[in-house]
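Residue-level structure breakdown
The chain contents come next:
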Amino acid sequence: MNQSRIIWLVTVCLLLAAGLFLLQCSDDSDDDDDTTPDNGDEQPPTDQTMVGWAFGDSIYRYSDGYWREQPDEAVTGKLIAAAFINRDFGYAISEYNVYRYNEGVWSRITPPDYPLSAAMFDIAIADGGVVWFAARDPDGEGYLIKHLPTGENAVFKLNPTISTIPVLLKAILAVPGDPYLHMVAEVEGYFQHWAWNEQDKVTDIIIANDPENPTVEINDLAIAPDGALWAAGWDLADELQTGVFWRRGAEAWDRRPAMASTDCRTTSVRKVMFTDDGIGYALADCIWSQIYRSTDASNWTEMSLPGDKGEEFVINDISLISDTKGWAVGYTSVLDEPLLLLRNESGWNQSRSLDTDTGHELNAVAIFDYPLPGGVDDDTLDDDTADDDTGDDDTGDDDTGDDDSVDDDTTLSN
C-alpha cells in the first residue's frame, strides 16, 4: 500500500472519530436522571402564576417566575418552619425565635416568656388568626406557645397543663372550623392523638411503642378533605424499618405501609398533607428523599423525581395550590445549593434560584396563586389593551416614545 493511500485512510478514521465525539457531546437531552438542569438554550422551568416564600439558611422569594434570595436584617438564624395566612401575612420560626411578615415587613415577635431551653419545631394557624408554635426542651417535655392577633401570648407546658406525666410532643395541627388543637404526643410508651381546646382534652391511642427499644416513630399529622386524620412515620416490620401511614377510621387507626415504586425501600415518612382538591402528598426517605401521592386519600404511590437521587438529594417541605401546581424545597449536594422542584402537569421539574447561592438549604416553603388582575396594567413590555406604563405596544397610551394607535405623548409621536 503506497504512502498516499495510508495517509488517506488515517484521515478518514480521524474524521469518523471526531464525528462520533461531536454527536455524543451534542446529546444534551434533559431526562429524569440528569444531575443538573440543562444550562444551554433550555430555560429552567418557571411558572409566573405563583408567588411565595422559601426559608432555610436564608430567605428566598418567588415572583415573576423566578426564585431570588431576599434576606432581611430583622431575621437571623436558620429558619426551620413557616405558615402563612395569605401572601402578605405569615410566620416563620428558627428554633428560638418567631418572625412575622406583614405587608412587606419582617419583625421578630418572640414571646418574652418563651422558655429559652425549648426548641420550636412546628407551626399551626387556627381560626381567627390564632397561631400555635410547638416546642420541646432537652428533656423531651412539650410546650405550646399561643400567639393572638392582638399581640398577646401564652405559654403552656404540656406537663402539667394537659397531662400529669411527661409528654413528648411530635406534631400539631389546626383544622378550620374546629375549636380543638390536634396533636401527636408520646406518653408512657404510647403515641396518642390529642384534641385540646384549652379546657377539655380528647385522646385516642395510635400505636404502642417501647421507649427503651423504639419500634415506631410518628413525625406528622394531617387531615384529609373527607375528615379523616392521617399520621405518618415508621415502624419495624419483619425487623426492618418501614415507612408507614396511619389513617383514623371510624373506630381505630389503620396502618398502611409506604410501598416504593422504585427498588429503594422507604424507611420513614416525614410529612403528609392534602391539597384543597383532595390529593394527598407526603415526603419520605429511602436512600434519597421521596414524594408520595394519593388520589383517593387511601392508597399511596411513589412519584418520579428529576435530578440526582442520592444521600444528599434532600426534600424538606412542600407547598401545593392544587394537585399540579406548587413547589418542593430542600438541598442538593451536586450543586451545593437549594433544591427547588416545580410541580406542574408534566410532573416534578428541577429549577434553580437566580442567585444560585452555594451551601444554602431550604426547610420550609409557602406558595400562593398570583392571577394577573384583569384590566389592570402596571408592568412593562406587555401587550395589554389598557396602559399606564412605558415601553410597550398597547392600544391605549399615556406614556412616551412608542407607536400606539392612540397617543397623548409629548415627544416622539407620529
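Here, every reference points to the structure presented above.
Here the residue numbering is sequential within each chain, running from 1 through the sequence in written order. Reporting of local features is limited, given that this is a predicted model, to residues whose pLDDT is at least 70; pairs of side-chain atoms are given and counted only at 80 or more, and all residues count toward the totals for whole chains, interfaces and linings. The side-chain figures draw on all heavy atoms in the structure; neither hydrogens nor water molecules are used.

**Points about the nonpolar core**
Nonpolar core, defined: a set of buried Ala, Val, Leu, Ile, Met, Phe, Trp, Tyr and Cys residues in which side-chain atoms within 4.5 Å join the residues together. When a residue's accessible area, from a 1.4 Å probe over protein chains only, is under 20% of the maximum for its type it is buried; when over 50% it is exposed; and in between it is partly exposed. Counting 19 residues, the largest nonpolar core has W132, L144, L169, I172, M183 and W194 as the members making the most contacts within it. For this core, the secondary-structure elements that each account for two or more residues are β8 (119-125), β9 (131-136), β12 (168-174), β13 (181-187) and β14 (190-196). Think of it this way: any DSSP run of H or I at least four residues long counts as a helix, any run of E at least two long counts as a strand, and we number them from the N terminus. No other element matches the four residues that β13 contributes to this core. Only heavy atoms enter the contact rule, under which two residues are in contact if any of them lie within 4.5 Å. Ignoring sequence-local partners within four residues, the contact set of I172 consists of D122, I123, A124, W132, F133, A134, L144, H182 and M183.

**Side note on the environment of Y281**
Its place among the elements puts Y281 in strand β21 (residues 280-285). A relative accessible area of 0% means that Y281 is categorised as buried. C-alpha of Y281 to C-alpha of I291: the two residues are 10 residues apart in sequence and 6.9 Å apart in space.

**Regarding the pattern of salt bridges**
In the sections that follow, a salt bridge refers to a side-chain nitrogen of Lys or Arg positioned within 4 Å of a carboxyl oxygen of Asp or Glu. This structure, assessed with the given rule, holds 13 salt bridges. Of the charged contacts, one joins K146 and E198 as a salt bridge, the two residues approaching to 2.6 Å between their closest N and O atoms. Pair noted here: K146 is in strand β10 (residues 142-147) and E198 is in the loop between β14 and β15 (201-208), with a separation of 52 residues, a long-range link. You can call K146 buried: its relative accessible area is 17%. Accessibility expressed as a relative area gives 35% for E198, which makes it partly exposed.

**Re the sheet that holds β9**
For two strands to be treated as a pair, DSSP must find at least two bridges joining them. As summarised here, the arrangement of the four strands in space is β8-β9-β10-β11, forming an open sheet in which the pairing is antiparallel. Edge positions in the open sheet fall to β8 and β11 (153-157), since each of these has one partner strand only. The mean angle between the axes of side-by-side strands here comes to 20°, regardless of whether they run parallel or antiparallel. Only the contacting stretch of a helix is used when fitting its axis, a line to C-alpha atoms as for every element, and angles between N-to-C directions run 0 to 180 degrees.

**Details of unusual backbone geometry**
At the junction of N159 and P160, the peptide bond is cis and its omega measures out at 25° in the coordinates. Relative to the elements of secondary structure, P160 occurs in helix α2 (residues 158-161). Phi angles above zero are rare outside glycine, and E188 is one such case at about 50°. Look at E188 and you get exposed, because its relative accessible area is 63%. Non-glycine residue E239 carries a positive phi angle of around 70°.

**Points about the packing of aromatic side chains**
In this description, an aromatic ring pair is defined by two values, namely the gap between the centres and the angle between the planes. Any pair of Phe, Tyr and Trp rings, taking the six-membered ring for Trp, is counted once the centres come within 6.5 Å. Such a pair is stacked with planes under 30 degrees apart, edge-to-face with planes over 60 apart, and tilted for the rest. Taken as a whole and judged by the stated rule, the model has 25 aromatic pairs. Plain terms: the ring middles of W53 and Y101 are 4.7 Å apart, the flat faces sit at 65° to each other, and that makes the pair edge-to-face. Of the two residues, W53 sits in strand β1 (residues 50-56) while Y101 sits in strand β6 (residues 98-102), which places them 48 residues apart along the sequence. Summarising the burial analysis for this pair, W53 and Y101 share the class buried. Centroid distance W67 to W327: 5.5 Å. Interplanar angle 90°. Geometry classified as edge-to-face.

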